[in-house]
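Given next are the chains, with one letter for each unit.
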Amino acid sequence: YVTVWKDGTWSEPEALTSDDGGEIGSGHVADGEGDSLAYVYIGKKVGPKYKFQARYKWFQGGAWSQTGYFTDGRQDAWHTNVERRPDGSVLAGYDVGTGGGATTLYVVDGRDGRFGRPENMTMQGKPGERPHFAFGRDGTDHVAWFHKERGQPRHIYVRSGRPQSWGPVSEPSSGYGGYHFDPDIAVNDDGVLCLVWGWDAGDDAELVYSIGKDGQWSQPRKIADVNWGKPGLASLVADAAGGFHVVWNQG
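Residues numbered from 1 in each chain as written. Predicted model: local features only at pLDDT ≥ 70, side-chain atom pairs only at ≥ 80, totals over all residues. Heavy atoms only, no water.

Any chance you could break down the pairing of strand 13 (residues 129-135) for me, citing the residues and the numbers?
Burial runs high along strand 13: six of the seven residues are buried. One ladder, built from five bridges, connects strand 13 with strand 14 (residues 141-149); its direction is antiparallel. In the strand pairing of strand 14, His132 is matched with Ala144. If you look at the hairpin formed by strand 13 and strand 14, you'll find five residues sitting between the two strands, and Gly139 has a positive phi there, around 90°. (Buried < 20%, exposed > 50% of the residue type's maximum accessible area, 1.4 Å probe, protein only. Helix = DSSP H or I, 4+ residues; strand = E, 2+ residues; numbered from the N terminus. Pairing = 2+ DSSP bridges.)

Next up, the structure:
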């Protein structure tokens, strides 16, 4: 469903997907140019023979488009995301593969109510899942994700550039023992990056962060010593003064 907050109240919820008995999940929305919105999600028919597809819809001119499809359903899609760039275009991402395995990560440029051709970030990068984005004022896109080995989350990766022109893969979690998962990334107006993710070393588990500047990442450090449970699913934003704010769940 979608609903709009305006003049102190929410509009009547509007169904974005049909009630056809199928399953949906991992929905995200971003505002594009003008009044446009980009909505991405995964969906499938009920039944073990069906696979989740990465899907999308655009809102333009006061109406939602028909459903579009990034994937053909031969393999499961697991996570989607879409976020707005400063110029009003958007970047979407999703991962496809076997649950618990090394999934293939794709990103897709979106503008003018259309998505381009999906780009396989694994071809010249590293496999992984849960893409998150940050967009610099200089026009640079930053993509963060994590990678599992034999079902265990081991690596956090970041790649910067633009669609069809990405730089090398960085691994800010390298050398920091334990499990690494659920990253988010943000960039401030000075071009300083902040990356956060969940970390679990067995006897200790906290949210950690690394600061990226001039192509280098700082050693990971704990954000806090909560000393209880495991962290996950952080959400990060940069403010107008250059600071970073993060929320996460733990336990």
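Residues and numbers for the sheet that holds strand 13, please.
The four strands lie next to each other as 13-14-15-16, forming an open sheet whose pairing is antiparallel. Across the chains shown, the open sheet's two edge strands, defined by having one partner strand only, are strand 13 and strand 16 (165-170). Ignoring strand direction, the axes of neighbouring strands in this sheet form an average angle of 25°. Bridge count between strand 15 (residues 152-162) and strand 16: four bridges; the pairing is antiparallel. The residue of strand 16 that forms the bridge with Arg162 is Ser165. (Axes fitted to C-alpha atoms, helices over the stretch in contact; angles between N-to-C directions.)

A description of unusual backbone geometry should follow, citing residues and the corresponding values.
At Asp182, a position not held by glycine, the phi torsion is positive, near 50°. Looking at the secondary structure, you find Asp182 in strand 17 (residues 179-187). You will see that Asn227, though not glycine, has its phi angle at about 60°, which is positive. In this structure, Asn227 sits in the loop between strand 21 (221-222) and strand 22 (231-238). Residue Asn227 is classed as exposed on the basis of its relative accessible area, which comes to 58%.

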